[in-house]
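For reference, the chains in residue letters:
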Amino acid sequence: MKGARGGSRPGRIFSEENSARAQKFGRLKSSEPMDEDFSIPYCGGNNNNTPPIYDKAFAIAQDGSPTHNDSSSPFSKSPWSTHHVSVPPPSNNDDGFSPNVLIGSLVREEGHIYSLAAAGDLLYTGSDSKNIRVWKNQREFSGFKSNSGLVKAIVISNEKIFSGHQDGKIRVWKVSSKDASIHKRVGTLPTFKDFIKCSMKPSNYIEVRRHRNGLWIKHFDAISSLSMSEDQNLLYSASWDKTFKVWRTSDYKCLESVIAHDDAVNSIVAGFDGLVFTGSADGTVKVWRRELQGRGTKHFFSQTLLKQECAVTALAISPDATIVYCGSSDGLVNFWERELNLSHGGVLRGHKLAILCLVTAGNLVFSGSADMSICIWRRKENEHICLSMLTGHSGPVKCLAVEKDDESLSREKRWILYSGSLDKSVKMWRVSEQAPPLVPTTQQHPLEGHGVAPNSLPYAPSFSSQGRICQKRS
(Lines give C-alpha, C1' and ligand atoms only; values in the text may rest on other atoms or scores of the structure.)
Protein backbone atom coordinates (compact mmCIF):
# COMPACT_ATOMS: atom_id res chain seq x y z
CA MET A 1 0.00 0.00 0.00
CA LYS A 2 1.62 3.17 -1.14
CA GLY A 3 1.96 5.99 1.28
CA ALA A 4 0.64 9.46 0.69
CA ARG A 5 2.80 11.38 -1.74
CA GLY A 6 1.54 14.83 -0.85
CA GLY A 7 3.70 17.07 1.30
CA SER A 8 2.64 18.97 4.38
CA ARG A 9 2.85 22.62 5.24
CA PRO A 10 6.14 23.31 7.02
CA GLY A 11 6.28 24.64 10.54
CA ARG A 12 6.67 28.22 11.63
CA ILE A 13 10.41 28.55 11.34
CA PHE A 14 10.34 27.42 7.72
CA SER A 15 7.17 29.24 6.72
CA GLU A 16 9.09 31.88 4.79
CA GLU A 17 9.91 29.32 2.13
CA ASN A 18 6.25 29.26 1.15
CA SER A 19 5.97 33.03 0.81
CA ALA A 20 5.37 34.69 -2.53
CA ARG A 21 8.87 36.13 -2.54
CA ALA A 22 10.43 32.73 -1.94
CA GLN A 23 8.36 31.12 -4.68
CA LYS A 24 9.88 33.47 -7.25
CA PHE A 25 13.22 31.84 -6.63
CA GLY A 26 11.91 28.28 -6.50
CA ARG A 27 13.10 27.49 -10.00
CA LEU A 28 16.52 28.90 -9.29
CA LYS A 29 16.90 26.86 -6.10
CA SER A 30 15.81 23.64 -7.80
CA SER A 31 18.18 24.08 -10.72
CA GLU A 32 21.29 23.19 -8.74
CA PRO A 33 23.04 20.28 -10.51
CA MET A 34 24.37 18.56 -7.38
CA ASP A 35 22.79 17.47 -4.11
CA GLU A 36 23.55 20.00 -1.41
CA ASP A 37 23.67 17.70 1.57
CA PHE A 38 24.94 19.34 4.70
CA SER A 39 24.98 19.08 8.46
CA ILE A 40 22.64 21.17 10.58
CA PRO A 41 24.35 22.98 13.44
CA TYR A 42 23.34 21.74 16.85
CA CYS A 43 20.89 24.14 18.43
CA GLY A 44 19.03 21.95 20.87
CA GLY A 45 20.70 22.54 24.21
CA ASN A 46 21.18 25.18 26.83
CA ASN A 47 24.44 26.74 27.82
CA ASN A 48 24.06 25.38 31.34
CA ASN A 49 23.09 22.04 32.76
CA THR A 50 19.58 23.09 33.74
CA PRO A 51 16.99 21.47 31.48
CA PRO A 52 14.44 23.82 29.91
CA ILE A 53 11.03 23.78 31.53
CA TYR A 54 7.84 23.62 29.49
CA ASP A 55 4.25 23.95 30.49
CA LYS A 56 2.98 20.58 29.31
CA ALA A 57 -0.67 21.59 29.13
CA PHE A 58 0.20 24.65 27.08
CA ALA A 59 2.47 22.68 24.78
CA ILE A 60 -0.16 20.03 24.13
CA ALA A 61 -2.79 22.65 23.44
CA GLN A 62 -0.50 24.15 20.82
CA ASP A 63 0.13 20.81 19.08
CA GLY A 64 3.28 20.32 21.09
CA SER A 65 4.90 23.57 19.96
CA PRO A 66 6.31 26.01 22.55
CA THR A 67 5.12 29.23 20.97
CA HIS A 68 6.12 31.40 23.90
CA ASN A 69 9.38 32.52 22.34
CA ASP A 70 10.53 34.98 24.97
CA SER A 71 13.80 33.24 25.71
CA SER A 72 16.85 33.91 23.60
CA SER A 73 18.20 30.43 24.29
CA PRO A 74 19.09 28.44 21.16
CA PHE A 75 16.91 25.64 22.46
CA SER A 76 13.79 27.76 22.14
CA LYS A 77 14.60 28.35 18.48
CA SER A 78 14.85 24.66 17.67
CA PRO A 79 12.05 23.14 15.58
CA TRP A 80 11.98 20.33 18.13
CA SER A 81 10.86 20.45 21.71
CA THR A 82 11.06 17.78 24.37
CA HIS A 83 8.19 16.94 26.70
CA HIS A 84 8.77 14.63 29.63
CA VAL A 85 5.85 12.73 31.05
CA SER A 86 5.67 12.03 34.75
CA VAL A 87 5.22 8.30 35.14
CA PRO A 88 3.93 6.73 38.36
CA PRO A 89 6.25 4.05 39.71
CA PRO A 90 5.13 0.46 39.14
CA SER A 91 3.68 -1.35 42.08
CA ASN A 92 4.76 -4.92 42.64
CA ASN A 93 1.65 -5.55 44.70
CA ASP A 94 -0.75 -4.44 42.02
CA ASP A 95 -1.24 -7.39 39.70
CA GLY A 96 -3.32 -5.28 37.34
CA PHE A 97 -0.63 -2.68 36.60
CA SER A 98 1.46 -2.91 33.46
CA PRO A 99 4.89 -1.22 33.55
CA ASN A 100 4.58 -0.28 29.87
CA VAL A 101 4.45 3.52 30.05
CA LEU A 102 4.90 6.68 28.02
CA ILE A 103 8.06 8.42 29.24
CA GLY A 104 8.47 11.34 26.83
CA SER A 105 7.63 12.97 23.52
CA LEU A 106 9.63 14.77 20.85
CA VAL A 107 7.33 17.13 18.96
CA ARG A 108 8.49 18.70 15.74
CA GLU A 109 7.14 21.31 13.35
CA GLU A 110 9.14 20.27 10.30
CA GLY A 111 6.96 17.48 8.95
CA HIS A 112 5.55 13.99 9.31
CA ILE A 113 7.86 11.34 10.74
CA TYR A 114 8.52 8.61 8.17
CA SER A 115 11.58 6.77 9.50
CA LEU A 116 13.43 5.96 12.72
CA ALA A 117 16.67 4.21 13.58
CA ALA A 118 18.21 3.70 17.02
CA ALA A 119 21.85 2.90 17.73
CA GLY A 120 23.07 2.90 21.31
CA ASP A 121 22.17 6.22 22.88
CA LEU A 122 21.46 7.88 19.51
CA LEU A 123 18.11 8.16 17.74
CA TYR A 124 17.85 9.15 14.07
CA THR A 125 14.55 10.56 12.80
CA GLY A 126 13.62 11.20 9.17
CA SER A 127 10.72 13.24 7.87
CA ASP A 128 9.24 14.80 4.76
CA SER A 129 11.20 17.98 5.52
CA LYS A 130 14.28 16.15 4.13
CA ASN A 131 16.03 16.57 7.48
CA ILE A 132 17.50 13.75 9.52
CA ARG A 133 17.70 14.75 13.16
CA VAL A 134 19.97 13.05 15.67
CA TRP A 135 18.90 12.77 19.31
CA LYS A 136 20.91 11.82 22.36
CA ASN A 137 19.42 11.37 25.82
CA GLN A 138 16.13 12.85 24.56
CA ARG A 139 17.92 16.05 23.48
CA GLU A 140 18.63 17.31 20.00
CA PHE A 141 22.27 16.41 19.35
CA SER A 142 22.86 16.97 15.64
CA GLY A 143 21.29 16.84 12.21
CA PHE A 144 21.94 16.68 8.50
CA LYS A 145 19.91 17.48 5.43
CA SER A 146 19.59 16.23 1.89
CA ASN A 147 18.55 18.66 -0.81
CA SER A 148 16.04 16.30 -2.39
CA GLY A 149 13.84 13.40 -1.43
CA LEU A 150 11.98 12.97 1.85
CA VAL A 151 13.50 10.35 4.15
CA LYS A 152 11.58 7.07 3.79
CA ALA A 153 13.99 4.68 5.52
CA ILE A 154 17.10 4.72 7.71
CA VAL A 155 19.45 1.86 8.60
CA ILE A 156 22.70 1.97 10.54
CA SER A 157 25.67 -0.29 9.86
CA ASN A 158 28.77 0.16 11.98
CA GLU A 159 29.86 3.78 11.42
CA LYS A 160 27.69 4.37 8.36
CA ILE A 161 24.13 5.63 8.13
CA PHE A 162 22.13 4.74 5.02
CA SER A 163 19.02 6.77 4.18
CA GLY A 164 16.47 5.90 1.49
CA HIS A 165 14.56 8.75 -0.14
CA GLN A 166 11.46 9.59 -2.12
CA ASP A 167 13.64 10.46 -5.14
CA GLY A 168 14.84 6.85 -5.43
CA LYS A 169 18.36 7.52 -4.16
CA ILE A 170 20.24 6.09 -1.20
CA ARG A 171 22.56 8.45 0.63
CA VAL A 172 25.43 7.36 2.85
CA TRP A 173 26.52 9.36 5.87
CA LYS A 174 29.39 9.06 8.30
CA VAL A 175 30.13 10.72 11.61
CA SER A 176 33.11 13.08 11.54
CA SER A 177 36.15 11.75 13.38
CA LYS A 178 36.81 15.23 14.77
CA ASP A 179 33.30 16.14 15.89
CA ALA A 180 30.69 13.49 16.72
CA SER A 181 27.88 16.00 16.12
CA ILE A 182 28.83 16.46 12.44
CA HIS A 183 27.64 13.98 9.82
CA LYS A 184 29.14 14.10 6.35
CA ARG A 185 27.73 12.60 3.19
CA VAL A 186 30.27 10.13 1.86
CA GLY A 187 28.30 8.65 -1.00
CA THR A 188 25.11 8.38 -3.04
CA LEU A 189 23.80 5.12 -4.49
CA PRO A 190 24.20 4.54 -7.32
CA THR A 191 27.56 6.32 -7.40
CA PHE A 192 28.20 8.86 -10.11
CA LYS A 193 31.11 6.75 -11.38
CA ASP A 194 29.01 3.61 -11.73
CA PHE A 195 26.16 5.58 -13.30
CA ILE A 196 28.43 6.96 -16.05
CA LYS A 197 30.16 3.63 -16.61
CA CYS A 198 26.87 1.76 -16.81
CA SER A 199 25.30 4.27 -19.18
CA MET A 200 27.94 3.56 -21.83
CA LYS A 201 26.58 0.08 -22.48
CA PRO A 202 23.17 -0.17 -24.24
CA SER A 203 22.43 -3.56 -22.65
CA ASN A 204 22.30 -1.90 -19.22
CA TYR A 205 19.09 -0.08 -20.15
CA ILE A 206 15.75 -1.63 -19.27
CA GLU A 207 12.16 -0.52 -19.74
CA VAL A 208 11.10 1.21 -16.52
CA ARG A 209 7.85 2.66 -17.80
CA ARG A 210 5.96 2.57 -21.04
CA HIS A 211 8.11 4.14 -23.76
CA ARG A 212 10.81 4.97 -21.22
CA ASN A 213 14.09 3.18 -20.58
CA GLY A 214 16.54 3.59 -17.72
CA LEU A 215 19.62 2.05 -16.15
CA TRP A 216 19.00 -1.08 -14.11
CA ILE A 217 21.21 0.15 -11.24
CA LYS A 218 18.88 3.06 -10.42
CA HIS A 219 15.50 3.02 -8.67
CA PHE A 220 12.85 4.92 -10.61
CA ASP A 221 10.40 5.41 -7.80
CA ALA A 222 10.50 6.02 -4.06
CA ILE A 223 12.58 3.78 -1.85
CA SER A 224 10.25 2.21 0.69
CA SER A 225 12.55 0.03 2.80
CA LEU A 226 16.20 -0.75 3.57
CA SER A 227 17.73 -3.81 5.22
CA MET A 228 21.24 -5.06 6.00
CA SER A 229 22.43 -8.65 5.53
CA GLU A 230 23.48 -10.58 8.62
CA ASP A 231 27.19 -9.96 7.98
CA GLN A 232 26.56 -6.27 7.16
CA ASN A 233 28.27 -6.69 3.78
CA LEU A 234 25.13 -6.23 1.69
CA LEU A 235 22.48 -3.54 1.66
CA TYR A 236 19.01 -4.30 0.29
CA SER A 237 16.72 -1.57 -1.01
CA ALA A 238 13.04 -2.03 -1.87
CA SER A 239 11.15 0.43 -4.04
CA TRP A 240 7.76 1.34 -5.38
CA ASP A 241 9.24 0.54 -8.82
CA LYS A 242 8.45 -3.17 -8.06
CA THR A 243 12.12 -4.13 -7.64
CA PHE A 244 14.68 -4.67 -4.94
CA LYS A 245 18.37 -4.03 -5.43
CA VAL A 246 21.48 -5.42 -3.75
CA TRP A 247 24.42 -3.14 -2.91
CA ARG A 248 27.90 -4.00 -1.65
CA THR A 249 28.59 -1.78 1.35
CA SER A 250 32.38 -1.75 0.91
CA ASP A 251 32.34 0.15 -2.40
CA TYR A 252 28.61 0.97 -2.87
CA LYS A 253 28.43 -1.05 -6.08
CA CYS A 254 25.02 -2.29 -7.24
CA LEU A 255 25.35 -6.04 -7.62
CA GLU A 256 21.88 -7.03 -8.67
CA SER A 257 18.38 -5.79 -9.42
CA VAL A 258 15.39 -8.13 -9.07
CA ILE A 259 11.92 -7.50 -10.45
CA ALA A 260 10.18 -8.97 -7.44
CA HIS A 261 6.47 -8.13 -7.56
CA ASP A 262 3.59 -6.94 -9.72
CA ASP A 263 3.14 -3.81 -7.62
CA ALA A 264 5.13 -1.61 -5.24
CA VAL A 265 7.52 -3.39 -2.88
CA ASN A 266 6.67 -1.96 0.54
CA SER A 267 9.08 -3.87 2.74
CA ILE A 268 12.23 -5.98 2.59
CA VAL A 269 14.14 -7.81 5.30
CA ALA A 270 17.29 -9.91 5.00
CA GLY A 271 16.78 -12.96 7.17
CA PHE A 272 18.37 -16.25 8.13
CA ASP A 273 20.01 -18.97 6.02
CA GLY A 274 20.67 -16.54 3.18
CA LEU A 275 16.95 -15.86 2.71
CA VAL A 276 15.43 -12.48 1.85
CA PHE A 277 11.75 -11.65 2.38
CA THR A 278 9.77 -9.06 0.41
CA GLY A 279 6.23 -7.76 0.91
CA SER A 280 4.27 -5.90 -1.72
CA ALA A 281 1.13 -3.94 -2.47
CA ASP A 282 0.17 -6.86 -4.71
CA GLY A 283 -0.71 -8.74 -1.51
CA THR A 284 2.13 -11.26 -1.54
CA VAL A 285 5.08 -12.13 0.68
CA LYS A 286 7.89 -13.78 -1.27
CA VAL A 287 11.04 -15.58 -0.20
CA TRP A 288 14.30 -15.25 -2.14
CA ARG A 289 17.39 -17.40 -1.76
CA ARG A 290 20.76 -15.68 -1.98
CA GLU A 291 23.76 -17.33 -3.61
CA LEU A 292 27.21 -15.77 -3.71
CA GLN A 293 28.91 -15.81 -7.10
CA GLY A 294 32.44 -14.51 -6.87
CA ARG A 295 32.18 -10.98 -5.48
CA GLY A 296 28.60 -10.73 -6.68
CA THR A 297 25.25 -12.25 -5.74
CA LYS A 298 22.37 -13.99 -7.41
CA HIS A 299 18.91 -14.20 -5.85
CA PHE A 300 16.48 -16.93 -6.83
CA PHE A 301 12.76 -17.05 -6.09
CA SER A 302 12.06 -19.68 -3.44
CA GLN A 303 8.37 -19.55 -2.46
CA THR A 304 5.35 -17.36 -1.77
CA LEU A 305 4.34 -17.31 1.89
CA LEU A 306 1.20 -15.24 1.48
CA LYS A 307 -1.14 -14.25 -1.31
CA GLN A 308 -4.12 -12.05 -0.48
CA GLU A 309 -6.17 -9.10 -1.68
CA CYS A 310 -4.86 -6.71 0.97
CA ALA A 311 -1.51 -5.00 0.54
CA VAL A 312 1.46 -6.20 2.57
CA THR A 313 2.86 -3.17 4.37
CA ALA A 314 5.56 -4.35 6.82
CA LEU A 315 7.89 -7.26 7.56
CA ALA A 316 10.03 -8.19 10.58
CA ILE A 317 12.03 -11.15 11.87
CA SER A 318 12.34 -12.15 15.52
CA PRO A 319 15.77 -11.53 17.09
CA ASP A 320 16.38 -15.28 17.44
CA ALA A 321 15.58 -15.69 13.72
CA THR A 322 12.78 -18.19 14.32
CA ILE A 323 9.66 -16.23 13.29
CA VAL A 324 8.81 -14.08 10.25
CA TYR A 325 6.09 -11.46 10.79
CA CYS A 326 4.02 -9.70 8.14
CA GLY A 327 1.68 -6.73 8.60
CA SER A 328 -1.08 -5.94 6.13
CA SER A 329 -3.51 -3.18 5.25
CA ASP A 330 -6.35 -5.21 6.80
CA GLY A 331 -4.86 -4.69 10.27
CA LEU A 332 -3.66 -8.29 10.71
CA VAL A 333 -0.20 -9.63 11.49
CA ASN A 334 0.57 -13.06 10.03
CA PHE A 335 3.59 -15.08 11.06
CA TRP A 336 5.56 -18.11 9.90
CA GLU A 337 7.79 -20.44 11.90
CA ARG A 338 11.30 -21.32 10.76
CA GLU A 339 11.45 -24.64 12.61
CA LEU A 340 8.37 -25.81 10.69
CA ASN A 341 9.86 -24.98 7.26
CA LEU A 342 8.19 -21.57 7.24
CA SER A 343 4.73 -22.99 7.73
CA HIS A 344 2.01 -20.55 8.70
CA GLY A 345 1.88 -20.13 12.48
CA GLY A 346 -1.11 -17.89 13.05
CA VAL A 347 -2.60 -14.39 12.98
CA LEU A 348 -2.32 -11.56 15.50
CA ARG A 349 -5.50 -9.48 15.67
CA GLY A 350 -4.98 -6.22 17.47
CA HIS A 351 -5.79 -3.33 15.13
CA LYS A 352 -8.81 -1.88 13.37
CA LEU A 353 -6.88 -0.27 10.50
CA ALA A 354 -3.79 -0.97 8.40
CA ILE A 355 -0.50 -2.09 9.93
CA LEU A 356 2.16 0.43 8.90
CA CYS A 357 5.26 -0.84 10.74
CA LEU A 358 6.65 -3.79 12.68
CA VAL A 359 9.66 -4.24 14.94
CA THR A 360 10.85 -6.99 17.28
CA ALA A 361 12.97 -7.09 20.44
CA GLY A 362 13.59 -10.02 22.76
CA ASN A 363 10.34 -11.96 22.95
CA LEU A 364 8.25 -8.93 22.02
CA VAL A 365 6.61 -7.87 18.77
CA PHE A 366 5.47 -4.27 18.22
CA SER A 367 2.96 -3.28 15.54
CA GLY A 368 2.15 0.32 14.59
CA SER A 369 -1.08 1.10 12.80
CA ALA A 370 -3.10 3.70 10.95
CA ASP A 371 -5.53 3.48 13.88
CA MET A 372 -2.92 5.55 15.82
CA SER A 373 -2.10 2.75 18.25
CA ILE A 374 0.81 0.40 18.97
CA CYS A 375 0.15 -3.19 19.97
CA ILE A 376 2.73 -5.06 22.06
CA TRP A 377 2.77 -8.85 21.79
CA ARG A 378 4.83 -11.27 23.87
CA ARG A 379 5.79 -14.56 22.30
CA LYS A 380 6.00 -17.63 24.51
CA GLU A 381 6.55 -20.92 22.71
CA ASN A 382 3.83 -21.02 20.05
CA GLU A 383 1.52 -18.39 21.54
CA HIS A 384 1.44 -14.60 21.31
CA ILE A 385 -0.25 -12.64 24.09
CA CYS A 386 -1.06 -8.95 23.73
CA LEU A 387 0.40 -7.06 26.70
CA SER A 388 -0.60 -3.48 25.89
CA MET A 389 -2.20 -1.22 23.36
CA LEU A 390 -0.32 2.09 23.44
CA THR A 391 -2.52 5.01 22.35
CA GLY A 392 -0.73 8.33 22.63
CA HIS A 393 -0.51 9.53 19.03
CA SER A 394 -3.02 11.70 17.21
CA GLY A 395 -2.01 10.40 13.78
CA PRO A 396 -1.07 7.09 12.12
CA VAL A 397 2.01 5.39 13.58
CA LYS A 398 4.37 5.23 10.60
CA CYS A 399 7.63 3.84 12.06
CA LEU A 400 9.06 2.13 15.13
CA ALA A 401 12.51 1.58 16.62
CA VAL A 402 13.55 -0.16 19.82
CA GLU A 403 16.64 -0.26 22.02
CA LYS A 404 17.47 -2.09 25.24
CA ASP A 405 16.85 -0.09 28.40
CA ASP A 406 20.24 0.09 30.11
CA GLU A 407 18.64 1.37 33.30
CA SER A 408 16.50 -1.72 33.79
CA LEU A 409 17.02 -4.10 36.68
CA SER A 410 19.17 -7.17 36.07
CA ARG A 411 16.24 -9.52 36.56
CA GLU A 412 13.94 -7.61 34.23
CA LYS A 413 14.14 -7.23 30.46
CA ARG A 414 13.04 -3.73 29.54
CA TRP A 415 13.12 -1.85 26.26
CA ILE A 416 12.80 1.74 25.08
CA LEU A 417 10.36 1.92 22.19
CA TYR A 418 10.35 4.93 19.83
CA SER A 419 7.27 5.56 17.70
CA GLY A 420 7.15 8.06 14.84
CA SER A 421 3.82 9.32 13.60
CA LEU A 422 2.20 11.44 10.94
CA ASP A 423 1.19 13.73 13.81
CA LYS A 424 4.80 15.05 13.52
CA SER A 425 5.91 13.63 16.85
CA VAL A 426 8.14 10.88 18.21
CA LYS A 427 7.07 9.25 21.46
CA MET A 428 9.20 7.20 23.84
CA TRP A 429 7.82 4.26 25.79
CA ARG A 430 9.35 2.03 28.45
CA VAL A 431 8.29 -1.57 27.88
CA SER A 432 8.89 -4.65 30.00
CA GLU A 433 8.83 -8.26 28.85
CA GLN A 434 7.56 -9.19 32.30
CA ALA A 435 4.44 -7.05 31.94
CA PRO A 436 1.41 -9.27 32.63
CA PRO A 437 -1.71 -9.10 30.45
CA LEU A 438 -4.17 -7.09 32.49
CA VAL A 439 -7.42 -8.59 33.68
CA PRO A 440 -10.35 -7.05 31.76
CA THR A 441 -12.18 -4.37 33.71
CA THR A 442 -15.88 -4.58 34.42
CA GLN A 443 -16.66 -1.94 31.79
CA GLN A 444 -15.94 -3.81 28.58
CA HIS A 445 -16.36 -2.49 25.08
CA PRO A 446 -15.51 -5.31 22.68
CA LEU A 447 -13.73 -4.29 19.50
CA GLU A 448 -15.40 -5.21 16.28
CA GLY A 449 -14.27 -8.61 15.07
CA HIS A 450 -12.20 -9.35 18.17
CA GLY A 451 -14.66 -10.22 20.92
CA VAL A 452 -12.24 -9.22 23.68
CA ALA A 453 -12.41 -5.90 25.45
CA PRO A 454 -9.36 -3.70 25.88
CA ASN A 455 -8.22 -3.08 29.41
CA SER A 456 -7.75 0.42 30.73
CA LEU A 457 -4.98 1.46 33.08
CA PRO A 458 -6.09 3.24 36.26
CA TYR A 459 -3.68 6.19 36.06
CA ALA A 460 -2.05 6.18 32.62
CA PRO A 461 -4.50 7.93 30.30
CA SER A 462 -1.96 8.06 27.47
CA PHE A 463 -2.39 4.38 26.70
CA SER A 464 -4.42 1.28 27.43
CA SER A 465 -3.67 -2.43 27.62
CA GLN A 466 -5.35 -5.60 26.62
CA GLY A 467 -4.69 -9.31 26.87
CA ARG A 468 -5.61 -11.08 23.66
CA ILE A 469 -4.14 -14.34 22.44
CA CYS A 470 -3.48 -14.71 18.74
CA GLN A 471 -5.71 -16.90 16.61
CA LYS A 472 -3.86 -20.09 15.71
CA ARG A 473 -4.42 -21.42 12.26
CA SER A 474 -4.23 -25.13 11.66
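The structure we're discussing is the one just above.
Nothing here was measured: the structure is a model prediction, and the numbers come from that model. (Residues numbered from 1 in each chain as written. Predicted model: local features only at pLDDT ≥ 70, side-chain atom pairs only at ≥ 80, totals over all residues. Heavy atoms only, no water.)

**A word on a nonpolar patch on the surface**
- On the surface, a cluster of nonpolar side chains totalling about 450 Å² of accessible area is made up of Phe192, Phe195, Ile196 and Met200.
- Topologically, Met200 is positioned in the loop between α4 (192-199) and β12 (205-209). (Patch = residues over 30% accessible without salt bridge, like charges linked within 9 Å, V, L, I, M, F, W, Y side chains within 5 Å. Areas by Shrake-Rupley, 256 points an atom, 1.4 Å probe, with all protein chains shown as cover. Salt bridge = Lys/Arg side-chain N within 4 Å of Asp/Glu carboxyl O. Helix = DSSP H or I, 4+ residues; strand = E, 2+ residues; numbered from the N terminus.)

**Quick look at the side chain of Ser157**
- Residue position: Ser157 is located in strand β8 (residues 151-157).
- For Ser157, a relative accessible area of 5% translates into the label buried.
- With sequence-adjacent residues up to four places away left out, Ser157 is seen in contact with Phe162, Met228 and Gln232. (Buried < 20%, exposed > 50% of the residue type's maximum accessible area, 1.4 Å probe, protein only. Contact = heavy atoms within 4.5 Å.)

**Some words on the environment of Ser367**
- The topology assignment puts Ser367 in strand β27 (residues 364-369).
- Look at Ser367 and you get buried, because its relative accessible area is 0%.
- Taking C-alpha positions, Ser367 is 9.9 Å from Lys398, a pair spaced 31 residues apart along the chain.
- Look past the residues within four positions of Ser367 in its chain and what remains in contact with it is Val333, His351, Ile355, Cys357, Leu358, Ser373, Ile374, Cys375, Trp377 and Leu400.

**Points about the pattern of salt bridges**
- Under the criterion given, the structure shown has ten salt bridges.
- Linking Arg171 and Asp167 is a salt bridge whose minimum nitrogen-to-oxygen distance equals 3.0 Å.
- Overall, the relative accessible area of 25% leaves Asp167 in the partly exposed class.
- Ionic pairing is found between Arg338 and Asp273, a salt bridge with its closest N-O pair at 2.8 Å. Separated by 65 residues along the polypeptide, Arg338 in the loop between β24 (332-337) and β25 (343-349) and Asp273 in the loop between β18 (265-270) and β19 (275-280) bring together distant segments of the chain.

**A word on the sheet that holds strand β17 (residues 253-259)**
- In spatial order, the strands read β14-β15-β16-β17; together these four strands make up an open sheet with antiparallel pairing. In this open sheet, the two edge strands, each paired with only one partner strand, are β14 (223-228) and β17. Geometrically, the sheet is characterised by an average inter-axis angle of 20° between neighbouring strands, direction not taken into account.
- Relative to strand β16 (residues 243-248), strand β15 (residues 234-239) is paired through five bridges, and the arrangement is antiparallel. When the bridges of β16 are listed, Leu235 appears paired with Trp247. (Pairing = 2+ DSSP bridges. Axes fitted to C-alpha atoms, helices over the stretch in contact; angles between N-to-C directions.)

**Focus: the sheet that holds β18**
- Read across the open sheet, the four strands follow the order β18-β19-β20-β21; overall the sheet is antiparallel. For this open sheet the edge positions go to β18 and β21 (296-307), each flanked by a neighbour on one side alone. Here the strands of the sheet are splayed against their neighbours by 25° on average, with no regard to which way each runs.
- Sheet topology places β18 next to β19; five bridges connect them, and they run antiparallel. The residue bridging Ser267 from the neighbouring strand is Gly279, located in β19.

**Side note on the nonpolar core**
- Counting 18 residues, the largest nonpolar core has Phe366, Leu400 and Leu417 as the members making the most contacts within it.
- In this view, Leu400 contacts Leu116, Cys357, Val359, Phe366, Ser367, Gly368, Ile374, Leu417, Tyr418 and Ser419; residues no more than four positions away in its chain are not counted. (Core = buried A, V, L, I, M, F, W, Y, C linked by side-chain atoms within 4.5 Å.)

**Remarks on the side chain of Ser328**
- Structurally, Ser328 can be placed in strand β23 (residues 323-328).
- With a relative accessible area of 0%, Ser328 lands in the buried category.

**Here we look at the pairing of strand β28 (residues 374-380)**
- Burial analysis of β28 places six of its seven residues in the buried class, which makes it a mostly covered element.
- Count of turn residues in the β27/β28 antiparallel hairpin: four residues, of which Met372 carries a positive phi of about 75°.
- Summarising the sheet, β28 and strand β29 (residues 383-390) pair through seven bridges and their orientation is antiparallel. Looking at the pairing, Arg379 lines up with His384 of β29.
- Counting the residues between successive antiparallel strands, the hairpin from β28 to β29 contains two residues, one of them, Glu381, with a positive phi of roughly 60°.

**Things to note about the pairing of strand β4 (residues 113-119)**
- Counting buried residues in β4 gives five out of seven residues, a clear majority hidden from the surface.
- In this structure, the hairpin formed by β4 and strand β5 (residues 122-127) is closed by a connection of two residues, where Gly120 is found at a positive phi of approximately 65°.

**Overview of the packing of aromatic side chains**
- With the rule as written, the count across this model stands at seven aromatic pairs.
- Look at Phe144 and Trp173: their rings are 4.5 Å apart centre to centre, the planes differ by 40°, and that puts the pair in the tilted class. Here Phe144 is found in strand β7 (residues 139-145), whereas its partner Trp173 is found in strand β10 (residues 170-175), with 29 residues between them in sequence. We note that Phe144, like Trp173, is buried.
- The ring of Phe220 is capped by Lys218, whose NZ or CZ atom sits 5.0 Å from the centre of that ring. (Phe/Tyr/Trp six-rings, centres within 6.5 Å; stacked < 30°, edge-to-face > 60°. Lys NZ or Arg CZ within 6 Å of the ring centre and 35° of its normal.)

**Side note on unusual backbone geometry**
- In this structure, the amide linkage connecting Leu189 to the following residue, Pro190, adopts the cis form with an omega of -5°.
- Residue placement: Pro190 occurs in the loop between β11 (183-189) and α4.
- Despite not being glycine, Asn137 has its phi angle at roughly 55°, a positive value.
- By relative accessible area, Asn137 is classed as exposed at 58%.

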